[in-house]
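# Fold and contact review
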Amino acid sequence: MKIKVDYDVCEANAVCMGLAPQVFDVDDDDNLHVLMPEPPPELADRVRHAVRSCPKAALSLEE
């Protein structure tokens, strides 16, 4: 699995960070950073939930 971000759509609401803080981070300037672009299998369910929960649908997965 690989995480894709549409930075033109992302508003850095930090919903993803709240659901998967090991994978996503929002810095003090409200920029999203993907800490693990290809997360390990044990985080797959958490990452899928974070992607589905993005309020702007800025996240997607390449499986």
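Before any of the text, the structure's been laid out above.
Bear in mind that the values here come from a model prediction, so they are computed numbers and not experimental data.

The rules behind the values
Residues numbered from 1 in each chain as written. Predicted model: local features only at pLDDT ≥ 70, side-chain atom pairs only at ≥ 80, totals over all residues. Heavy atoms only, no water. Buried < 20%, exposed > 50% of the residue type's maximum accessible area, 1.4 Å probe, protein only. Helix = DSSP H or I, 4+ residues; strand = E, 2+ residues; numbered from the N terminus. Arc of directions from axis to C-beta. Contact = heavy atoms within 4.5 Å. Pairing = 2+ DSSP bridges. Salt bridge = Lys/Arg side-chain N within 4 Å of Asp/Glu carboxyl O.

This part is about helix H2 (residues 44-53). Considered for burial, the residues of H2 that qualify are Ala 44, Val 47, Ala 50 and Val 51. Seen from one end, H2 has its buried residues packed into an arc of 125°, which puts them on one side. Every exposed residue of H2 that faces more than 90 degrees away from the buried side is listed here: Asp 45 and Arg 52. Elements that come into contact with the buried residues of H2 comprise strand E1 (2-5), helix H1 (15-19), strand E2 (24-26) and strand E4 (59-62).

With that out of the way, let us pick up the pairing of E1. The two faces of the sheet receive side chains in turn, since in a regular strand these alternate between them. Here E1 shows one buried face, formed by Ile 3 and Val 5, and one open face, formed by Lys 2 and Lys 4. The pairing of E1 with E4 spans 4 bridges and is antiparallel. Pairing of Lys 4 across the sheet is with Ser 60, part of E4.

Before going further, it helps to spend a moment on the pattern of salt bridges. Note that side chains of opposite charge can pair when their charged atoms are close. Throughout the structure, instances matching the rule amount to 4 salt bridges. Between Lys 4 and Glu 62 there is a salt bridge, with its nearest N and O atoms 3.6 Å apart. Of this pair, Lys 4 sits in strand E1 while Glu 62 sits in strand E4, and the two are 58 residues apart along the sequence. Residue Lys 4 is classed as partly exposed on the basis of its relative accessible area of 33%. For Asp 45, the salt bridge is made with Arg 48, and the minimal N-O distance between the two is 3.6 Å. Highlighted residues: Asp 45 and Arg 48, both in helix H2, separated by 3 residues, approximately one helical turn. One connected set of salt bridges, linked through shared partners, spans Asp 45, Arg 48 and Glu 63.

One can expect most non-glycine residues to show negative phi and most peptide bonds to be in trans. Phi at Ala 14 is positive, roughly 70°, even though this residue is not glycine. With respect to the helices, strands and loops of the structure, Ala 14 is situated in the loop between E1 and H1. Judged by its relative accessible area of 24%, Ala 14 is partly exposed. Its identity is not glycine, yet Ala 57 carries a phi of approximately 55°, on the positive side. Take Ala 57: its relative accessible area is 61%, and that puts it in the exposed class.

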